[in-house]
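Tertiary structure, described
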Amino acid sequence: MNILLHRINAALMVQNQTFQEMECMYLAADVPAQQEVSAIVQVGTYGHFWVHWITLSFTTLDGSPAADTGIDYLRGKLIHTQNSQPVFNDFVPLHLWATPGRRKSISGSGSDSNQMFIVWEWDAMFPINDGIQIDLKNDALLATNSMSASFWGVRVKDASTTAGA
Amino acid sequence: MLRIQNPDWQRESYPYGYFYKQGITNDTSIINIPLQKGLYFMVEKAVIDYNAQNVNIAGAYAEPLKVFFVKNGMASVPLNSPVDIGLLASPADSGATVDTSPEGANPAFPFKAVPLKRSKMLMLLCIPGDVLQVKISNPTIIGVTPSNSLPSFVELFIVGRYYPDYDLPEWKRGTQCR
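Here goes a summary of the coordinates provided. (Residues numbered from 1 in each chain as written. Chains lettered and ligands numbered in written order. Predicted model: local features only at pLDDT ≥ 70, side-chain atom pairs only at ≥ 80, totals over all residues. Heavy atoms only, no water.)

Looking at the overall build of chain B
Cut-off, in case you're wondering: The helix and strand labels rest on DSSP assignments: H or I over at least four residues marks a helix, E over at least two residues marks a strand, and numbering proceeds from the N terminus. Buried residues are those whose accessible area, probed at 1.4 Å on protein chains only, stays under 20% of the maximum for their type, while exposed residues exceed 50% and partly exposed ones sit between those limits. Two residues form a contact once any of their heavy atoms are found within 4.5 Å. Computed with the Shrake-Rupley method and a 1.4 Å probe, the accessible areas treat only the protein chains shown as cover for residues.
What chain B contains, in helices and strands, is 1 helix and 8 strands. Secondary structure elements in chain B, listed N-terminal to C-terminal, are α-β-β-β-β-β-β-β-β. Expressed as a percentage of the 178 residues in chain B, the buried residues total 50%. A separation threshold of at least 6 residues defines the contact pool for chain B, and within that pool the share at least 24 residues apart is 81%. Carbon and sulfur atoms form 56% of the exposed surface of chain B, whose accessible area is close to 8500 Å².

What about the interface of chain A and chain B?
Selection criterion: What gets called buried area is simply the loss in accessible area from a 1.4 Å probe that two parts show on being joined, summed for both. Any carboxyl oxygen of Asp or Glu within 4 Å of a side-chain nitrogen of Lys or Arg constitutes a salt bridge here. Classification used: nonpolar for Ala, Val, Leu, Ile, Met, Phe, Trp, Tyr, Cys and Pro, charged for Asp, Glu, Lys and Arg, polar for all others including Gly.
Listed per partner, the contact involves 44 residues of chain A and 36 residues of chain B. Summed over both sides, the interface of chain A with chain B buries roughly 3700 Å², with 62% coming from carbon and sulfur. In terms of surface lost to chain B, no three residues of chain A exceed Asn 89, His 95 and Leu 96 of chain A, which account for 18% of the buried area on that side. On inspection of chain A and its partner chain B, the count reaches 0 salt bridges. Those elements that provide at least two residues to the side of chain A that touches chain B are helix H1 (10-19), strand S3 (48-58), strand S6 (74-80), strand S7 (85-86), strand S8 (92-93), strand S10 (120-126) and strand S12 (145-156) of chain A. Tallied by class, the residues present in the side of chain A that touches chain B amount to 24 nonpolar, 12 polar and 8 charged.

Some points on the nonpolar core
Put simply, the test is: For the purposes of this section, nonpolar cores are sets of buried Ala, Val, Leu, Ile, Met, Phe, Trp, Tyr and Cys residues that join through side-chain atoms within 4.5 Å.
Ranked by internal contacts, the top residues of the largest apolar core, which has 37 residues, are Leu 78, Trp 97, Trp 122, Ile 134, Met 147 and Phe 151 of chain A. Considering every element that reaches this core, the biggest residue donor is S3 of chain A, with 5 residues. Here Trp 97 of chain A is in contact with Ile 54, Leu 56, Gly 76, Leu 78, Phe 88, Val 92, Trp 120 and Ile 134 of chain A together with Leu 116 and Phe 157 of chain B, once residues within four sequence places are set aside. By size, the runner-up hydrophobic cluster in this structure holds 25 residues, among which are Tyr 16, Ile 33, Leu 35 and Val 154 of chain B.

Quick look at the packing of aromatic side chains
We count it as follows: Ring pairs are drawn from Phe, Tyr and Trp, using the six-membered ring of Trp, whenever the two centres fall within 6.5 Å, and their geometry is named by plane angle: stacked under 30 degrees, edge-to-face over 60, tilted for the rest.
Under the criterion given, the structure shown has 10 aromatic pairs over all chains. An angle of 80 degrees between the planes, with centres 5.2 Å apart, marks the rings of Phe 88 of chain A and Trp 97 of chain A as edge-to-face. For Phe 88 of chain A, a relative accessible area of 0% translates into the label buried. By relative accessible area, which is 0% here, Trp 97 of chain A ends up buried. Considering the side-chain rings of Phe 88 of chain A and Phe 157 of chain B, the 5.1 Å spacing of their centres and the 80 degrees angle between planes classify their relative orientation as edge-to-face. Residue Phe 88 of chain A is located in the loop between S7 and S8, and its partner Phe 157 of chain B is located in strand S8 (residues 152-164); the two belong to separate chains. Taken individually, Phe 88 of chain A and Phe 157 of chain B each receive the classification buried, so the pair is uniform in this respect. Ring pairs connect the aromatic residues Tyr 14, Tyr 16, Tyr 18, Phe 41 and Tyr 162 of chain B, which therefore count as one cluster.

See below:
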């Protein structure tokens, strides 16, 4: 039989769950060769969004027809949309902060996809009416590359949010 | 169970990442990190990737670059130990096959997409006024002149967090924290 050190206050837990809940926001984009694209997901007014972790994967394609070269052509910059406040000083190659990282696209070409998965911890608050934006640049000369990211965090409700406090 | 109550949490502290890509030869390189004035900055983690090349020494890829954090001109935490480096597996995987010349067909000379390595939790605190630098030495290229060695490139990504000091007068605090 398990004995808990602390007594669980069920009423408080239920109350807390009313005001904050886990959520995952998903963001994806295709970036044509030698172009820049802004991928945005809006936080909305339902509640503030406190990001805890990011997972992100991307393709490594170039050439015509496109071949999987295993080279990281995509660079990204995280930005708050509300005040255009950047979170990085520059466009950062995705393999320096993306996990699980490379997504092998075409079987039989290129090296293995990245197998190791270390979730990337990153705490940041995106308040209501803000948005999570990644500006992406594709350095591939000929092929479109794609990126998909998940932002895992907690939706926080208070008096200023439409969900109420 | 913690209830998150402060929607202005972002104003109390917020994350920031610095990325630099730099060419290096056989000399030690210094990268200056321009910290915002009036704020504390806690370096939490750092990820480094590089392609080391040399035309003279066979197997020159074996020795990884050494990377040190330098605060106010002195080697800082961790005590002279290089931070975790995303060591590239083999010459074939080193990015040497990529066009690394600035005048080449692809000026961005992107690297191989190597798996993300877990960084040490550095927890290096810079107080307002501190000068933060990253020193990179390249032991791969030994005893040769720069003209004999191809340039190597290093990608450095530092992730940290800015904190205000509410004991400072308001005009001295960072602009994001008023």
